[in-house]
Amino acid sequence: MAAPAHGTAPAHGTAPAHDAASRHGTASPRIPAQAGPMPPAPVPHSGAAPAAPGAVLPGAPMPAPVVPHAGAAAAVAGVAPPGAPMPAPAAPAVPEAVLPPGAPMPAPAVPHAEAVPAAPGAVLPVALMPAPVVPHVEMAPAAQGAAPPGAPMPAPAVSHAKAVPAAPGAVPPPGAPMPAPAASHAEAAAATPPPVSGAAGPSAPVPTPYTTAPWQNYDPWAPRAPFQQNGAHPAGPEQKRARARKTLVLGAVLLALVAGGAGGVIGAALERDGGVGDVRLPQAGKEPQGRAPDTVAGIAARALPSVVTLHVKGADAAGTGTGFVLDGRGHILTNNHVVESAGSRGEISVTFNGGETAAATVVGRDTGYDLAIVKVNDVHGLRPMPLGNSDNVEVGDPVVAIGAPFDLAGTVTSGIISAKERPITAGGEKGDGSDVSYVDALQTDAPINPGNSGGPLLDVKGRVVGINSAIRSADSSSDGDGQAGSIGLGFAIPVNQAKRVAEELINTGKATHPVIGVTLDMGYAGDGARVGTKSAGGGPAVTAGGPGEKAGIKSGDVITEVDGVRVHSGEELIVRTRAHRPGDRLELTVVRDGSRRKLTLRLGSADGN
């Protein structure tokens, strides 16, 4: 039996040759065994030179047949000398070739690239044949030839890529082994065993060459390509630029998000902590000066230059009050109780809104009306306060009060008219009634305090409709000195009454009072004003020849109405009477002996004080 090749394909991906019968399961003619053992096939290597064509080593066994490879030239068929073993036919066998009876099937050799075949007709002696060169790619099939009967087939030459053959006719010395061809490191191709022709039965199938693994194709000397782990092609310039743009955009977005978040956190911290450095508070810008004329600010702006503050010093007392300019001659209207403490030898100082001061003297005053006129001299540029009409005032009309409460000059307050014709009496500290004033007042809720007395009460057009004179305060003050603040109950003398009295005081130095000519019983507790039984001097209660007697009033009559307005006491009757001028006609309702009657009365005149 011919020994299979052992130094071939296992390292390079080739398969060893097998017995043809065992491979195909059919009986094939056997080739007689060669005298002497067959040497093992040497390991092929690149660059090994095959034996010279026709060289036979004495006593050497026949070499293993050549494994066919693409592109390799087949050995030329020849006839071996007598007594010499027949060389193994080159693989693959020529179609229709038949092995001698009893000869074993040779194992195919591992193919290699461009192996050089043995010379045509060469027969090796019994000496050891050289191992075939491992073939590579493009091995060519062997040429057609027939071996003589009983001769073993010689081993085919091993081919190698660009291998240089030995010199022609070179034979190793007797007994020397054949040199082993160099092992190949190039890519090994799968060997294709040749089919056997002429055998009985079906023809043997051609084995499929083994496919080399990718790692066996690695060439360390090949040009290097960019390393790709996933096997994808390396990115080109356009793809690199696109990736760079995407990276820049993503980086910009992330930077914007981080910057925005950081800015928000810093802004919130600054907002919470008030920022850094000095505190700067927000403030409105400068606006045009002036206000609408009918606003409180507009009214005050026009009225303040005409309002003055009076400081009074007397022998026994001193006080502060308010007044306003009536004309360009220097006449100033105020309350009697403001200047009363000055007497005939006291001092009165007038301070204007601009801060100028001037001395003033009393022109005239009236206790019953609580009004007085003072005059400043040698003062120019005075602005008189315009006067309104108190009869036009309605409850609920807005009003503005200006004064110097507790010596705070130029204080402006506002409110409304709470009531009209409110009968009040003020004064009475002397106890004999000589200092009592009777006022048919305008009631207001504009804050009025001590020091506001004598100041103007203005309508929405900045005209005087009343003179602030009295307040209703709590029963006792907090500081115990008899002065208390406003509780929203302020009273003002109607300007119509003040105008008449002021004119009389300026012109004559005294004021006249309208009178009925009767003495009232001030202790009467019933409803209405009852006429007394006698006068204060002990005379009759109804003055002879006076307005009351002429109207038909009798002692003991009870007067219940004046001009249709109910009166409930003697003070109210005086107030209603003082609201008129001397000579005015009044219609009275009188109850006498349980019966009611109407009387018409013309008011008389009496000097004030």
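Remember, it's a predicted structure, so these values are computed and weren't measured experimentally.

## Section: the overall build of the protein
Part 1 of the argument: Counting its regular elements, the protein contains seven helices and 19 strands.
Part 2 of the argument: Buried residues in the protein amount to 40% of all 609 residues.
Part 3 of the argument: Considering only contacts within the protein whose residues lie at least 6 apart along the sequence, 73% involve residues at least 24 apart.
Part 4 of the argument: Here the protein has roughly 31600 Å² of accessible surface; of this, 56% comes from carbon and sulfur atoms.

## Topic: the sheet that holds strand E10 (residues 456-458)
Part 1 of the argument: Taken in spatial order, the six strands line up as E7-E8-E9-E12-E11-E10 and close into a barrel, and their pairing is antiparallel. Each strand of the sheet is rotated relative to its neighbour by a mean of 50 degrees, with strand direction disregarded.
Part 2 of the argument: Direction of pairing for strand E8 (residues 411-426) relative to strand E9 (residues 437-444): antiparallel, over a ladder of seven bridges. Bridge pairing in E9 links Arg422 to Ala441.
Part 3 of the argument: Across the sheet, helix H5 (residues 495-508) lies against E9, strand E11 (464-471) and strand E12 (490-494), angled at about 50 degrees from E12, the strand it touches most.

## As for the sheet that holds strand E3 (residues 331-334)
Part 1 of the argument: Pairing in this closed barrel of six strands is antiparallel, and the strands run E1-E2-E3-E6-E5-E4 around the ring. Strand-to-strand, the axes of this sheet are offset by a mean angle of 40 degrees, without reference to chain direction.
Part 2 of the argument: Sheet topology note: the strand E2 (residues 318-325)/E3 ladder contains two bridges and is antiparallel. In the strand pairing of E3, Val325 is matched with Ile332.

## What to know about the pattern of salt bridges
Part 1 of the argument: The final tally for this structure, using the stated rule, is 12 salt bridges.
Part 2 of the argument: Between Arg566 and Asp527 there is a salt bridge, and its shortest N-O distance comes to 2.5 Å. Of this pair, Arg566 sits in strand E16 (residues 565-566) while Asp527 sits in the loop between strand E13 (512-515) and strand E14 (529-530), and the two are 39 residues apart along the sequence.
Part 3 of the argument: A relative accessible area of 36% means that Asp527 is categorised as partly exposed.
Part 4 of the argument: A single network of salt bridges, built from pairs that share partners, joins Glu421, Asp440 and Arg576.

## Some words on the confidence of the model for the protein
Part 1 of the argument: With 58% of its residues at a pLDDT of 70 or more, the protein has an overall mean of 73.
Part 2 of the argument: For residues 1-37, every residue scores under 50 in pLDDT, and the model assigns this stretch 81 contacts once sequence neighbours within four places are set aside.
Part 3 of the argument: Here residues 476-480 is modelled with pLDDT under 50, and outside its nearest four sequence neighbours on either side it reaches three contacts, counting other chains as well.

About the criteria used
- Residues numbered from 1 in each chain as written.
- Predicted model: local features only at pLDDT ≥ 70, side-chain atom pairs only at ≥ 80, totals over all residues.
- Heavy atoms only, no water.
- Helix = DSSP H or I, 4+ residues; strand = E, 2+ residues; numbered from the N terminus.
- Buried < 20%, exposed > 50% of the residue type's maximum accessible area, 1.4 Å probe, protein only.
- Contact = heavy atoms within 4.5 Å.
- Areas by Shrake-Rupley, 256 points an atom, 1.4 Å probe, with all protein chains shown as cover.
- Pairing = 2+ DSSP bridges.
- Axes fitted to C-alpha atoms, helices over the stretch in contact; angles between N-to-C directions.
- Salt bridge = Lys/Arg side-chain N within 4 Å of Asp/Glu carboxyl O.
- pLDDT = per-residue confidence, 0-100.

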